[in-house]
Amino acid sequence: MAGRLERDTLELLTKEDERYRLRRMGFFRDVRDEAALVASQFPPEEGEDFHQWKSRCLREYYRFKGFGMFCRERLLNPEFEGTVESIFKRHLRNMFETSERTDTDKYLAPDSDTVSFALEPDLFQELYTLNFSSMPSFGNTAELDRFCHQITSASFPVKEPAVVKGMQDNKNFYWEKFYLKLKPITAAFCYQMSGISGENNTHDIWSDTCISVNSAVVDRRMKEPVTAKDIISYSIGVLKNKNKEIARSRAKSPADIDTLQYKLTAEDEEKYFNNPVTKPENFPSQEKGLANYIDYTDKDSVQGYFIVILYNKEHPLHDILVKGYEDKVQKMFEHYIDGLSYEEIVARHSGAKEGREQVKECARLRQEIKRLKKSLYDRYTKMLEDYR
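Some remarks on the overall build of the protein
Argument step 1. Helix and strand counts for the protein come out as 19 helices and zero strands.
Argument step 2. The 388 residues of the protein split such that 42% are buried.
Argument step 3. Counting contacts in the protein only where the partners sit at least 6 residues apart, residues at least 24 apart contribute 69% of the total.
Argument step 4. Carbon together with sulfur atoms contributes 48% to the accessible area of the protein, which is approximately 21300 Å² in total.

As structure tokens, this is what we get:
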């Protein structure tokens, strides 16, 4: 019985320590010593079940240890502030997960995140100063927890104007969440309007949009009163304009080589074709048995080894992969490995071209390489089974 009681008290105080950071605050030093104290001083009484004992022994333990005075003496202690902050965040997470999504969050927060139930640092300091400057006495951690719950329930969700004001004051806490929200929106508009995909390819558009929106809000260039919907609407307008600029640029300059969209598979191809580490000298010859080198359950492993075979002419499967495409593969290597532009490749193989003739030949070469990459990868997919 004594052994079980010690295990129960150790588990009980370990959970209390994890929840309220008691050792970190300096309330005790060693959880095992405290568990032994609880077991000896506050054992179960006759007829008392586990939950009754747990509630009573914690009350008596914290009273015995002077928890209330301990808290009052540490109002200005950063560790105590940190404990209160962690309690706030725990309650806010629960409020967020059990509440309907606010309009503010719909417009300003990533899908799995919140600004309405988020503890912005300045807001925490305001709430802490207001509510803990003349702190009531806490007999135990449960009373401290209830007090924090009352504060969060009364103060959240944060009203939309307060969040917008925080963004106008350029508080990174809110802007960082909003920037994350814009990432998938940017990807969707780029794909739909410009045919651009892959995070590397859309990053500059996303970054420029973030800067434009931040400047408009912080510099107060948007018509007051600014709402959360106004901010997301402005952002979408910027994204649309940037994609229209790309479309107009392509229409005016068909000779420009589209470095933004190279498609190998659904993955972002750039990391395979434009990555210096994929140059031939990085890959030694290998045996034909692909299962020795590829984790067939890992998509990246399967796709990555395609480049090992393609770029390494000494690989025993290289000739099988490129058979019938040798001339086209050579031109593709000149572009990706040697870094030649499409204009330079056309000039090397067909002589110098000018004007519309050059535009036509470069466009043809680009499409040829695009089709080649798909053909090669389709053949590689079959080879995965033939040489497994």
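Picking up where we left off.
Section: the nonpolar core
Argument step 1. Of all hydrophobic cores here, the largest spans 70 residues; its most connected members are F80, F88, F132, F156, F178 and I231.
Argument step 2. Formed by 28 residues, the second largest nonpolar core is a distinct cluster that contains I345, L372, Y377 and Y380.

Some words on helix α18 (residues 342-350)
Argument step 1. When α18 is considered as a whole, its buried residues turn out to be Y342, I345 and V346. The buried residues of α18 occupy an angular sector of 100 degrees when the element is viewed end-on, so they sit on one face.
Argument step 2. Within two residues after α18, G351 carries a phi angle of roughly 90 degrees, on the positive side.

Considering the pattern of salt bridges
A side chain with one charge may pair with a side chain of the opposite charge, provided their charged atoms come close.
Argument step 1. What the rule picks out here adds up to 23 salt bridges.
Argument step 2. Its salt-bridge partner being E11, residue K15 comes within 3.3 Å of it at the nearest N-O pair. Residue K15 and its partner E11 are both found in helix α1 (residues 2-20); the two are separated by four residues, about one turn of the helix.
Argument step 3. The exposure class assigned to E11 is partly exposed, which follows from its relative accessible area of 44%.
Argument step 4. Salt-bridge contacts for D169 lead to K165; the nearest nitrogen and oxygen are separated by 2.7 Å.
Argument step 5. Exposure remark for K165: the relative accessible area of 40% places this residue in the partly exposed category.
Argument step 6. By sharing partners, the salt bridges in this structure join E45, E48, R56 and E60 into a single network.

Some points on the packing of helix α6 (residues 78-98) against helix α9 (residues 141-155)
Argument step 1. One can describe the packing of α6 onto α9 by two numbers: an axis separation of 9 Å at closest approach and a directional angle of 60 degrees. Considered as vectors, α6 and α9 are oriented oblique to each other. With respect to the hand of their crossing, α6 and α9 are arranged in right-handed fashion. Across the interface between the two elements, F80, V84, I87, F88, R90, H91, L92 and M95 from α6 touch L144, D145, C148, H149, I151, T152 and S153 from α9.
Argument step 2. Looking at side-chain class alone, the contact of α6 with α9 contains nine nonpolar, four polar and two charged residues.

Observations concerning the confidence of the model for the protein
Argument step 1. Per-residue confidence for the protein gives a mean pLDDT of 84; residues scoring 70 or more make up 85%.
Argument step 2. Within the protein, helix α10 (residues 160-168) carries the highest mean pLDDT (98), whereas helix α14 (residues 270-273) carries the lowest (42).
Argument step 3. When the criterion is pLDDT under 50, residues 254-287 qualifies, and its contacts beyond four places in sequence or with other chains add up to 84 contacts.

A short note on the packing of aromatic side chains
Argument step 1. Inspection of the entire model under this criterion finds 21 aromatic pairs.
Argument step 2. Judged by centre distance (5.3 Å) and plane angle (55 degrees), the rings of F138 and F147 are tilted.
Argument step 3. In this structure F138 comes out as buried when scored by relative accessible area, which is 3%.
Argument step 4. Here the basic side chain of K183 rests over the ring of W206, its NZ or CZ set 4.7 Å away from the ring centre.

Some words on the environment of D33
Argument step 1. Structurally, D33 is set in helix α3 (residues 31-41).
Argument step 2. Residue class for D33 comes out exposed when judged on its relative accessible area of 52%.
Argument step 3. Between the alpha carbons of D33 and L10 there is a distance of 9.0 Å; along the sequence they are 23 residues apart.

What counts and how
- The numbers attached to residues start from 1 for each chain and follow its sequence in the written order.
- In keeping with the predicted nature of the model, local features appear solely for residues at pLDDT of at least 70, side-chain atom pairs appear and are counted solely at 80 or more, and the whole-chain, interface and lining totals rest on all residues.
- As a rule here, side-chain values cover all heavy atoms of the structure and leave hydrogens and water aside.
- Numbered from the N terminus, helices here are DSSP runs of H or I no shorter than four residues, and strands are runs of E no shorter than two.
- Partly exposed describes any residue whose relative accessible area lies between the buried limit of under 20% and the exposed limit of over 50%, with all areas from a 1.4 Å probe on protein chains only and scaled to the type maximum.
- Contacts are assigned to residue pairs with any non-hydrogen atoms lying within 4.5 Å of each other.
- Each accessible area is a Shrake-Rupley result for a 1.4 Å probe, and residues are judged covered by the shown protein chains and nothing else.
- To qualify as a nonpolar core, a set must consist of buried Ala, Val, Leu, Ile, Met, Phe, Trp, Tyr and Cys residues joined through side-chain atoms within 4.5 Å.
- Working definition: the arc comes from the directions between the helix axis and the C-beta atoms, pointing outward to the latter.
- A pairing counts as a salt bridge when a side-chain nitrogen of Lys or Arg comes within 4 Å of a carboxyl oxygen of Asp or Glu.
- Axis lines are fitted to C-alpha atoms, over the contacting stretch for helices. Their N-to-C directions set the angle, which ranges from 0 to 180 degrees.
- An angle below 35 degrees is read as roughly parallel, one above 145 as roughly antiparallel, one from 65 to 115 as roughly perpendicular, and any other as oblique.
- Crossing handedness is defined as follows: a turn of the near helix away from the far one that is anticlockwise and smaller than a right angle gives a left-handed crossing, while the clockwise case is right-handed.
- Lys, Arg, Asp and Glu make up the charged group, whereas Ala, Val, Leu, Ile, Met, Phe, Trp, Tyr, Cys and Pro make up the nonpolar group; the residues left over, Gly among them, are polar.
- The quantity known as pLDDT measures the predictor's confidence residue by residue, on a range of 0 to 100.
- Aromatic pairs are defined between Phe, Tyr and Trp rings, using the six-membered ring for Trp, whenever the two ring centres lie within 6.5 Å; interplanar angles under 30 degrees are classed as stacked, those over 60 as edge-to-face, and all others as tilted.
- Geometrically, a charge over a ring is one whose NZ (Lys) or CZ (Arg) sits within 6 Å of the ring centre while staying within 35 degrees of the ring normal.

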